[in-house]
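In case you want the letters, here they are:
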Amino acid sequence: MKRWIKWTTGGTLLLGVLVAATAASGLYLAEQKRNRTIEIKPRPVAYTTDTQTVERGRYLYTSRGCTDCHGAQGTGREFVNDGKGTRIVGPNITPAGVVARYQPEDWNSVIRHGVKPNGRPVLVMPSEDYNRFTNDDLNALVSYIRQLPPKEGATAVVDLPHPAWVLYGLGAIQDAAARIDHQLAPSRPVPAAVSVANGQYVANMCIGCHGADLSGGKIPGGPPDWPAAADIRPGGASAMARYPTAASFVAMLRTGKRPDGTPIQVMPFESLGQLSDVDAQALYLFLNSAAATAKLSQSAPASGLGGTVPQSGSGGNSRTSSASPALSGPGGLKLPG
């Protein structure tokens, strides 16, 4: 009996030492990863001020997730605070904020590649969602942000519990820069329309949570009590089965609720609610298409600045900015509870 007790005690102590050593190693590696340098080929973004470009940029800003992290005015906001050690604040990106000294190539590195001007990774930035932006769309988005009124605002905060940093250090959680193929060329424009091609381009905004193949799973870096992202792969037996019509799918984007009335807990509805009817219906068409793709971020074509959409009621004959009005969503990143 005494020998058994000694073995149990010794095993427990050894296990404790191993756990402590693994944690220490993970924290050390996390610090190394946070401070690594990533080489990105410079690709300057054109600064534009024409009305059509800025309006397209406004639409992209409001509909592609920027408001959920940086706020409608670009002054930054706290968008995750679970009260258990996870707190994330998006920084002020008006001309008075962190972007004040950005050079034309810095916008490309941060938005498309998740890499700061100093070459280090941006820890919380869904750049995989924006990596496939066309040059026109990236230019439009940046042009809109640069004309925002300069205001004082928030600074970036990324507070995570120690276990999350350990997982990051050990590679179980990756930052966006580690998930992106930085050699990919920007997407080629296609006309904005209710089409599979346009829907595939819009679907790139889903990669950060649903994965490159949209198969869902645990959201990278999300708090442990967040539900897994749904499987929304095109052409398969996915969560899209809940939405038998485009109207039911668009209603979910506008209200944050499934057809049965149950709320969806973690989705950026403040942005999703601003998708134009054309883009929302195109997204539905793609997610229900039989021609599923292996990785959106590597194959999706795109609608660029020149690809405009018909306003509701136009009958599809007139071509206007794709920043067409849309009903607002129920407000921001929905959290469990």
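In case you missed it, the structure is sitting above this.
Residues numbered from 1 in each chain as written. Predicted model: local features only at pLDDT ≥ 70, side-chain atom pairs only at ≥ 80, totals over all residues. Heavy atoms only, no water.

1. Structural notes on the packing of helix α11 (residues 246-255) against helix α13 (residues 277-287)
Between α11 and α13, whose axes approach to 9 Å, the crossing angle comes to 120°. When the interaxial angle is binned, α11 and α13 end up oblique. Crossing angle aside, the handedness with which α11 passes α13 is right-handed. Residues Ala 246, Phe 249, Val 250, Leu 253 and Arg 254 of α11 lie in contact with α13, whose contacting residues are Asp 277, Ala 280, Gln 281, Leu 283, Tyr 284 and Leu 287. Here the contact of α11 with α13 is composed, by residue class, of 8 nonpolar, 1 polar and 2 charged. (Axes fitted to C-alpha atoms, helices over the stretch in contact; angles between N-to-C directions. Helix = DSSP H or I, 4+ residues; strand = E, 2+ residues; numbered from the N terminus. Parallel < 35°, antiparallel > 145°, perpendicular 65-115°, else oblique. Left-handed = near helix turned anticlockwise from the far one by under 90°. Contact = heavy atoms within 4.5 Å. Nonpolar A, V, L, I, M, F, W, Y, C, P; charged D, E, K, R; others polar.)

2. With respect to empty space enclosed by the protein
Per the counting criterion, the structure on display carries 1 cavity of 30 Å³ or more. Computed from the structure, the largest cavity encloses a volume of approximately 50 Å³. Forming the walls of the largest cavity are Arg 64, Asp 129, Tyr 130, Arg 132, Phe 133, Tyr 201, Asn 204 and Met 205. (1 Å grid on protein atoms, 1.4 Å probe; cavity = no way out; pocket = protein on both sides within 12 Å on 5 of 7 lines; lining within 4 Å. Points joined across faces, edges and corners; volume = space filled by probe spheres on them.)

3. Focus on the pairing of strand β1 (residues 77-81)
By the bridge criterion, 4 bridges tie β1 to strand β2 (residues 87-90) in an arrangement that is antiparallel. Within the sheet, the bridge partner assigned to Asn 81 lies in β2 and is Arg 87. (Pairing = 2+ DSSP bridges.)

4. Considering the packing of helix α2 (residues 51-63) against helix α6 (residues 135-146)
Look at α2 against α6: their axes get within 7 Å of each other, and the N-to-C directions meet at 90°. On the basis of their axis angle, the class for α2 and α6 is roughly perpendicular. Counted together, Thr 53, Val 54, Arg 56, Gly 57, Arg 58, Leu 60 and Tyr 61 of α2 and Asp 137, Asn 139, Ala 140, Leu 141, Ser 143, Tyr 144 and Ile 145 of α6 form the full contact between these two elements.

5. Topic: the nonpolar core
Grouped together as the largest cluster of nonpolar side chains are 24 residues, with contacts concentrated most on Phe 249, Met 252, Leu 275 and Leu 287. Those elements that place two or more of their residues in this core are α11, α12 (269-272) and α13. Looking at which element gives the most residues to this core, the answer is α13, with 5 residues. In terms of nonpolar packing, the next biggest core, distinct from the first, is built from 23 residues, Val 99, Trp 107, Val 142 and Tyr 201 among them. (Core = buried A, V, L, I, M, F, W, Y, C linked by side-chain atoms within 4.5 Å. Buried < 20%, exposed > 50% of the residue type's maximum accessible area, 1.4 Å probe, protein only.)

6. Some details on α6
End to end, α6 covers 16 Å across 12 residues, agreeing with the expected 16 Å (1.5 Å per residue, within 8%). Within α6, 9 of the 12 residues are buried, leaving the element largely enclosed by the surrounding structure. Of the residues making up α6, those classed as buried are Asp 137, Leu 138, Asn 139, Ala 140, Leu 141, Val 142, Ser 143, Tyr 144 and Ile 145. (Expected span 1.5 Å × (residues − 1).)

7. A short note on the pattern of salt bridges
In the structure shown here, the tally under the stated rule is 10 salt bridges. Arg 64 is the partner of Asp 279 in a salt bridge, and the nearest nitrogen-oxygen pair spans 3.7 Å. Residue Asp 279 is found in helix α13, and its partner Arg 64 is found in the loop between α2 and α3 (66-70); the two are separated by 215 residues along the sequence. Assessed through its relative accessible area of 1%, Asp 279 is described here as buried. In this structure Arg 64 comes out as buried when scored by relative accessible area, which is 4%. As a salt-bridge pair, Glu 128 and Arg 179 come within 2.6 Å of each other at their nearest N and O atoms. (Salt bridge = Lys/Arg side-chain N within 4 Å of Asp/Glu carboxyl O.)

8. Focus: the pairing of β2
The turn joining β1 and β2, which pair antiparallel and follow one another in sequence, is formed by 5 residues; a positive phi near 70° is taken by Gly 83. Two elements, β2 and strand β3 (residues 157-159), share 3 bridges in a ladder whose sense is antiparallel. Bridge pairing links Arg 87 to Asp 159 in β3.

9. Side note on the packing of aromatic side chains
The geometry of an aromatic ring pair is captured by two quantities: the separation of the ring centres and the angle between the planes. One pass over the structure, following the stated rule, counts 6 aromatic pairs. Where Tyr 243 meets Phe 249, the ring centres are 5.8 Å apart and the plane angle is 80°; that geometry is what we call edge-to-face. With a relative accessible area of 3%, Phe 249 lands in the buried category. For the pair Phe 249 and Tyr 284, a centre-to-centre distance of 5.5 Å together with 45° between the ring planes defines the contact as tilted. Of this pair, Phe 249 sits in helix α11 while Tyr 284 sits in helix α13, and the two are 35 residues apart along the sequence. As far as burial versus exposure is concerned, Phe 249 and Tyr 284 are alike and both buried. Members of the aromatic cluster, joined through ring pairs, are Tyr 243, Phe 249 and Tyr 284. When the ring centre of Tyr 168 is taken as origin, the NZ or CZ atom of Lys 33, which lies over that ring, is 4.4 Å away. The residue whose ring lies beneath Arg 34 is Trp 165, and the NZ or CZ to ring-centre distance is 4.5 Å. (Phe/Tyr/Trp six-rings, centres within 6.5 Å; stacked < 30°, edge-to-face > 60°. Lys NZ or Arg CZ within 6 Å of the ring centre and 35° of its normal.)

10. Things to note about the side chain of Ser 143
Considering the arrangement of structural elements, one finds Ser 143 in helix α6. A polar side-chain atom of Ser 143 sits 3.2 Å from the main-chain carbonyl oxygen of Thr 48. Beyond its immediate sequence surroundings of up to four residues, Ser 143 is in contact with Ala 46, Tyr 47, Thr 48, Thr 53 and Val 54. (Polar contact = N/O pair within 3.5 Å; in protein donor to acceptor, adjacent residues only side chain to side chain.)

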